[in-house]
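Residues per chain are reported as follows:
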Amino acid sequence: MATSRRKTGPGRWQGAVIVDVVFEDGLLFLAVQNIGDAPARSVSVRFDRALPGVGGRIDVATLALFRNIEFLAPRKSIRTFLDTTASWFARAAPTRFAARLTYVDASGRRRSATVAHDLEIYRDIGYVRRGANEGGKDGSAT
């Protein structure tokens, strides 16, 4: 995950806001995360392509979440459901995309970064589907 091109020390990135893909039990989420110790302001994300999520019904890349997060607290993450892996791969949705983020750091400097993702890495991951009425017991394997 690339964050910012400005380094604070040997091998250390100064940027603190990222866009990540979260995989949980066959579900894919997009998360805007402030991984730093200071707040970020005016966070926005632009994707290089449409992301036809939720069974292909909506372009997740156009959600208001990605247009402007006025304040993102340190260590805070805001995420939205993208799709199930079964649905995403069954309809041959794009697996590669890039997210360009911009934000203002605590010192008032405008920062930007591009984060590339490839959802293909999630295609063959096995998971256990847990039923809502199972009380935490394993459901059928997928």
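Residues numbered from 1 in each chain as written. Predicted model: local features only at pLDDT ≥ 70, side-chain atom pairs only at ≥ 80, totals over all residues. Heavy atoms only, no water.

Q: Residue-level account of the layout of surface pockets, with values.
A: Here the second largest pocket is characterised by a volume of approximately 170 Å³. Contributing to the lining of the second largest pocket are S44, V45, R46, F47, R49, A61, T62, L63, F66 and R67. Of the residues assigned to the lining of the second largest pocket, the class counts are five nonpolar, two polar and three charged. (1 Å grid on protein atoms, 1.4 Å probe; cavity = no way out; pocket = protein on both sides within 12 Å on 5 of 7 lines; lining within 4 Å. Points joined across faces, edges and corners; volume = space filled by probe spheres on them. Nonpolar A, V, L, I, M, F, W, Y, C, P; charged D, E, K, R; others polar.)

Q: How would you summarise the packing of aromatic side chains if you had to cite specific residues and measurements?
A: Tallied over the entire structure, the rule returns five aromatic pairs. For the ring pair F23 and Y127, a centre distance of 6.2 Å and an interplane angle of 75° mean the geometry is edge-to-face. Here F23 is found in strand 3 (residues 17-24), whereas its partner Y127 is found in the segment after strand 11 (110-118), with 104 residues between them in sequence. Under the relative-accessibility criterion, Y127 is labelled buried at 10%. Measuring from centroid to centroid gives 4.9 Å for F47 and F66, while their planes differ by 85°, and the two rings are edge-to-face. (Phe/Tyr/Trp six-rings, centres within 6.5 Å; stacked < 30°, edge-to-face > 60°. Helix = DSSP H or I, 4+ residues; strand = E, 2+ residues; numbered from the N terminus. Buried < 20%, exposed > 50% of the residue type's maximum accessible area, 1.4 Å probe, protein only.)

Q: Report on the pairing of strand 11, specifying residues and quantitative values.
A: Residues R111, A113, V115 and H117 point to one face of strand 11 and are all buried, whereas R110, S112, T114, A116 and D118, pointing to the other face, are not buried. Inspection of the sheet shows strand 10 (residues 96-104) paired to strand 11 by nine bridges, in the antiparallel sense. Directly across from L101, in strand 11, lies its bridge partner A113. Here strand 10 hands over to strand 11 after five residues, with G108 in that stretch at a positive phi of 90°. (Pairing = 2+ DSSP bridges.)

Q: So what about the pattern of salt bridges? Which residues, and what values?
A: Evaluation of the coordinates by the stated rule reveals six salt bridges. A salt bridge links R79 to E24; the nearest nitrogen and oxygen atoms lie 3.0 Å apart. Of this pair, R79 sits in strand 9 (residues 77-84) while E24 sits in strand 3, and the two are 55 residues apart along the sequence. Since its relative accessible area comes to 35%, E24 is described here as partly exposed. (Salt bridge = Lys/Arg side-chain N within 4 Å of Asp/Glu carboxyl O.)

Q: Describe the confidence of the model for the protein, listing the residues and the values that go with them.
A: In the predicted model, the protein carries a mean pLDDT of 86, and the fraction of residues at 70 or more is 82%. The secondary-structure element of the protein with the lowest mean pLDDT is strand 1 (residues 7-9), recorded at 44, while strand 5 (residues 40-47) shows the highest, at 98. For the stretch residues 134-142, pLDDT sits under 50, and the model shows 14 contacts to residues farther than four places along the chain or on other chains. (pLDDT = per-residue confidence, 0-100. Contact = heavy atoms within 4.5 Å.)

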